[in-house]
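# Overview (structure and organization)
One-letter residues, chain by chain:
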Amino acid sequence: MRNPFRSEADAFRFVWLTVGYCALIVLGSVINVWLGVAVFVALTLGALWWLLIRNAGKEAPIRQAPAPSPPEQYRILVVANETVGGGKLLGEIKQRAEGRNVLVLVVCPALNSPLRHWASDEDDARSAAQARLDASLAGMRDAGVHAEGEVGDGDPIQAIEDALRTFQPDELIISTHPEGRSHWLERGVVEKARERFALPLTHVVVDLEAERR
């Protein structure tokens, strides 16, 4: 079953809001039963009002198209995290680079826990992402592919948006683990990217366990 929350941060926030909701009701009930009832009614109505306002303001996403790339160069934006060094991903990129003047930008979102993210402690996550990115770029350059890279936002959709501000790709490649082992697939990242970005999109599934074997 698909996770109803968009991210771990959403789930973490929901848990803390639920704890606070229950704690306020219990505290009010300890002081006075009717106060507890009043707190319950007020919080519930407030939550329902917030949900109605939030959903009413939602509109269909606007597809974002990047500026055209230079005519003499074919540009590929690659977004990958733990699978960034996968052999299948490298093979897809090499295939597209054959016979072309290709520039590849690899964006590796920094994985981080919600607690560390809220505490603005992202150093470890960014360091780990940079290490994976460096190894992947070395492999691409060894294969003759002109590649650059950067560590991106922990949200892959936001990381793509950030990259489009400075890089004008002709296509987008998103690399994930296989279904059942991929948080990005569970969160619908590929589908959201297809809806939001007016770019040809290729989804590459990298099975690192199979590649190691």
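Before reading on, note that the structure itself is shown above.
To keep things clear, this report deals only with the structure shown in the data block. (Residues numbered from 1 in each chain as written. Predicted model: local features only at pLDDT ≥ 70, side-chain atom pairs only at ≥ 80, totals over all residues. Heavy atoms only, no water.)

With respect to topology, five strands assemble into an open sheet ordered S3-S2-S1-S4-S5, the strand pairing being parallel. Edge positions in the sheet fall to strand S3 (147-152) and strand S5 (201-205), since each of these pairs with one other strand and no more. Going from strand to strand, the sheet's axes swing by 20 degrees on average, the running direction of each strand aside. Alignment of strand S4 (residues 171-176) against S5, held across five bridges, turns out to be parallel. Residue pairing across strands places Ile174 opposite His203, the latter belonging to S5. Sheet contacts for helix H8 (residues 189-196): S4 and S5; angle to S5, the most-contacted strand, approximately 170 degrees. (Pairing = 2+ DSSP bridges. Helix = DSSP H or I, 4+ residues; strand = E, 2+ residues; numbered from the N terminus. Axes fitted to C-alpha atoms, helices over the stretch in contact; angles between N-to-C directions. Contact = heavy atoms within 4.5 Å.)

Attention now goes to the pairing of strand S2 (residues 102-109). In regular strands, side chains alternate between the two faces of the sheet. In terms of burial, S2 is largely enclosed, as eight of its eight residues are buried. Here strand S1 (residues 74-79) runs beside S2; their pairing, made up of six bridges, is parallel. Among the inter-strand pairings, Leu77 is bridged to a residue of S2, identified as Leu105. Relative to S3, S2 runs parallel, the two being bridged by six bridges. Looking at S3, one finds that Cys108 is bridged to Val151. (Buried < 20%, exposed > 50% of the residue type's maximum accessible area, 1.4 Å probe, protein only.)

The next point concerns H8. Since the α-helix packs 3.6 residues into each turn, any two residues three or four apart lie on the same face. Along H8, the positions that sit buried rather than exposed are Val189, Val190 and Ala193. Down the axis of H8, the smallest arc covering the buried residues is 100 degrees, so these residues share one side. In this structure, the buried residues of H8 make contact with helix H6 (156-164), S4, helix H7 (183-186) and S5. (Arc of directions from axis to C-beta.)

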